[in-house]
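# Secondary and tertiary structure notes
Take a look at the letters that make up each chain.
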Amino acid sequence: MDIKKTPKKLNVKEKYRLMTRDLAWEPSYRDEKEIYPYVDYEGIKVHDWSKWEDPFRLTMDAYWKYQAEKERKYYAIIDAHAQNNGHLNVTDARYLTAIKLFLQGISPAEYSSHRGFARVGREFAGVGPQVACQMQSIDEIRHAQTQVHAMSNYNKFYNGFKDFASQRDRIWYNSVPRSFFDDAMSAGPFEFLIAIGFSFEYVLTNLLFVPFMSGAAYNGDMATCTFGFSAQSDEARHMTLGLECIKFMLEQDPDNIPIVQKWIDKWFWRGCRLLTLVAAMMDYMLPKRVMSWREAWNIYGVENGNALFRDLARYGIKPPMHWDDVEKSIDHTSHQIMLGLYQWKFGTAFHSWTPTASDIEWLKEKYPTTFEKYYLPRWEYAIAQKEAGGEYNNFGLPKLCQVCQLPTLFTEPDDPTQLCHRETDYEGEKYHFCSDGCQHVFEQEPEKYVQAWLPMTAMMQEPLKGDLAAWMEWVSLEPTAAGEYASSEDKANFEKWRKQVSTD
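Procedures and definitions
Residues numbered from 1 in each chain as written. Predicted model: local features only at pLDDT ≥ 70, side-chain atom pairs only at ≥ 80, totals over all residues. Heavy atoms only, no water. Helix = DSSP H or I, 4+ residues; strand = E, 2+ residues; numbered from the N terminus. Rg over C-alpha atoms; globule rule 2.2 N^0.38 Å. Buried < 20%, exposed > 50% of the residue type's maximum accessible area, 1.4 Å probe, protein only. Contact = heavy atoms within 4.5 Å. Areas by Shrake-Rupley, 256 points an atom, 1.4 Å probe, with all protein chains shown as cover. Lys, Arg positive; Asp, Glu negative; His and termini not counted. Charge placed at Lys NZ, Arg CZ, Asp CG, Glu CD. Bend = angle between axes of the 7 residues up to and from the residue. Axes fitted to C-alpha atoms, helices over the stretch in contact; angles between N-to-C directions. Parallel < 35°, antiparallel > 145°, perpendicular 65-115°, else oblique. Left-handed = near helix turned anticlockwise from the far one by under 90°. Nonpolar A, V, L, I, M, F, W, Y, C, P; charged D, E, K, R; others polar. Phe/Tyr/Trp six-rings, centres within 6.5 Å; stacked < 30°, edge-to-face > 60°. Lys NZ or Arg CZ within 6 Å of the ring centre and 35° of its normal. Pairing = 2+ DSSP bridges.

The next subject is the overall build of the chain. The helix and strand tally for the chain stands at 21 helices and four strands. The C-alpha radius of gyration of the chain comes to 24 Å, within 12% of the 23 Å expected for a compact globule of 504 residues. For the chain, the spread of C-alpha atoms along the three principal axes comes to 100 × 65 × 45 Å. For the chain, the residues scored as buried account for 57% of the 504 residues in total. In the chain, of all internal contacts separated by at least 6 residues, the share reaching a separation of at least 24 is 80%. Of the roughly 22600 Å² of accessible surface on the chain, 53% is carried by carbon and sulfur atoms. Across the chain, the 56 positively charged side chains and the 70 negatively charged ones have centroids separated by 5 Å.

As structure tokens, then:
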């Protein structure tokens, strides 16, 4: 009598393989190099695509159910926020400066990431990274959409929100995140994964999302806080994917090590320059602060970064080239960029202000060796001008760095009294940089960065020809969205509405 054999139950890994990896096929009438032409051109050698490990092993069925549940909870909260006049629950309208900066700079960057992962997923020959990139591409467009939805309620009441998409492409400070993501999207597929999947998602994302979402909660903005925590659960997967990406490349062939090291050096520096705007948000734009930029860097940069590079040392990877310069800049960065934003406040789609007495005491405490010595005198000068009925404005056009596209307002790493300025001649033209890091990035790929679109240069060309009013119209910048917070329409309306609510 035959004994019935019970089919072996598949474990999680085997079931995942059947539902993802085994859906792939071998090409029969086209050569693989024709189908995936970009796999080889960066110099990365891959011998076995099956070695790619997906840390979360999500199938599409499980992924959609997981995300749908988050969506239901998320939209219930932002609907309640809108119906209950949640915009009046924030500390005060100064807080909205941080929200405007995020919407103009980061939300379009999420959409760029969506496009980038969709592209590179098609360019990889292995089904493992194809599936991983597909899921991250969907994550990124979801992040962009939920962020726009969460902040759209503020557009009904406050200035500076409605034209964020065009301002991302044209206004000067938004060219910083734009150039970062355009740089990544115009790279090859492996470099893109280092730029976004590793450098931005793994090394730098906590410096953006954790302080920003904590700041939203601390300042009474539950809608923004909710989209942040909804996105952060995806970011945990993205960080793990970024680490898997770099380990996969390093384990495939020793010839990949110097290429990966070069990319780590480049994208660490580019990411830190991008986060300069986040430093200003943390130290100056939040009425109620959670932590300083220095404290955030110590936790998410120094502690996490050192642990990461100790782990990668066994592959022969070293800490990024300009790590020490970043460390030296941390106690200066937020003050330098905020002073710049304040003096060009007539050309920003958000309001600026001088620090209050309590702000100054907090900054003294958090930056005991730098703020009072180097930056308080400059703020006191701006305050004195304002009290005398003047304006602390700089109508000169700033010189922009050819790589990061920030104004060249940073100081030498070892001397905060001297502006740092570097320049390089290339094919008869002179190019300017804010730092050794940006100059190094340029000199590795000058053909790429000579093509950079610089907003200040564009202002002097056709059709604007230096006309400030025409420029403001071109970038969709209404006068009510810019300038000093104290005299702004946003401040007046917020105080009027808050008073009405409290007296009803």
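With that settled, the discussion passes to helix α16 (residues 371-387). Side chains that are three or four residues apart share a direction in an α-helix, a result of its 3.6 residues per turn. Along α16, the largest kink reaches about 25° and is centred on P377. Every buried residue belonging to α16 is among F371, Y375, L376, W379, A382 and I383, and all of these are buried. Buried residues along α16 sit in contact with α12 (276-285), α14 (323-343) and α15 (357-366). The first or second residue beyond α16 is G389, which carries a positive phi of 90°.

Turning our eyes to something else, we now look at the packing of helix α3 (residues 60-83) against helix α10 (residues 222-252). The contact between α3 and α10 brings their axes to 8 Å, and the two run at 165°. Classified by the interaxial angle, the pair formed by α3 and α10 is roughly antiparallel. Seen from above, α3 lies across α10 with right-handed handedness. Where α3 approaches α10, its residues Y63, Y66, Q67, K70, Y74, I77, I78 and H81 are matched on the opposing element by M222, A223, T226, F227, S230, S233, D234 and R237. For the contact of α3 with α10, the per-class residue count stands at eight nonpolar, five polar and three charged.

Excluding glycine, most residues fall at negative phi; most peptide bonds, likewise, are trans. The phi angle at N85 is positive, at roughly 50°, despite the residue not being glycine. With respect to the secondary-structure elements, N85 resides in the loop between α3 and α4 (96-105). In this model, S476 sits at a positive phi of 60°, which is unusual for a non-glycine residue. Considering the arrangement of structural elements, one finds S476 in the loop between α20 (468-474) and α21 (489-503). Note on S476: relative accessible area 24%, which makes it partly exposed.

For the rest of this paragraph, the subject is the environment of F192. Note that F192 resides in helix α9 (residues 189-218). Put simply, F192 and I141 are 51 residues apart on the chain and 17 Å apart in space, counted from C-alpha to C-alpha. Residues within four places of F192 in sequence aside, it is in contact with S113, G116, F117, R119, V120, A184, M185, A187 and G197.

The geometry of two aromatic rings is summed up by the distance between their centres and the angle between their planes. For the structure on display, the rule yields 36 aromatic pairs. Here Y431 and F442 contribute two aromatic rings whose centre-to-centre distance is 5.2 Å and whose plane-to-plane angle is 35°, an arrangement assigned as tilted. With a gap of 11 residues between them, Y431 in strand β4 (residues 429-433) and F442 in helix α17 (residues 436-444) connect regions that are remote in the sequence. Classification of Y431 as buried rests on a relative accessible area of 12%. Put simply, the rings of W49, W52, F124, F190 and F248 touch in pairs and so form one group of aromatic residues. The residue whose ring lies beneath R273 is F410, and the NZ or CZ to ring-centre distance is 4.1 Å.

Right, let's talk about the packing of helix α11 (residues 257-274) against α17 for a bit. For the pair α11 and α17, the least separation of the axes is 10 Å and the interaxial angle reads 135°. Overall, the two elements α11 and α17 adopt an arrangement that is oblique. Where α11 crosses over α17, the handedness of that crossing is left-handed. The residues of α17 that touch α11, namely those facing K262, K266, W269 and R273, are G437, C438, V441 and Q444. Of the residues in the contact of α11 with α17, the class split is three nonpolar, two polar and three charged.

On to the pairing of strand β3 (residues 422-426), then. Judged by which residues are buried, β3 turns out to be one-sided: R422, T424 and Y426 face inward and are buried, whereas E423 and D425, on the alternate face, are not. Bridge analysis of β3 against β4 gives five bridges, and the strand direction is antiparallel. Note that in β4 the partner of Y426 across the bridge is E429. Linkage of β3 to β4, two consecutive antiparallel strands, is achieved through a turn of two residues, within which E427 is found at a positive phi near 50°.

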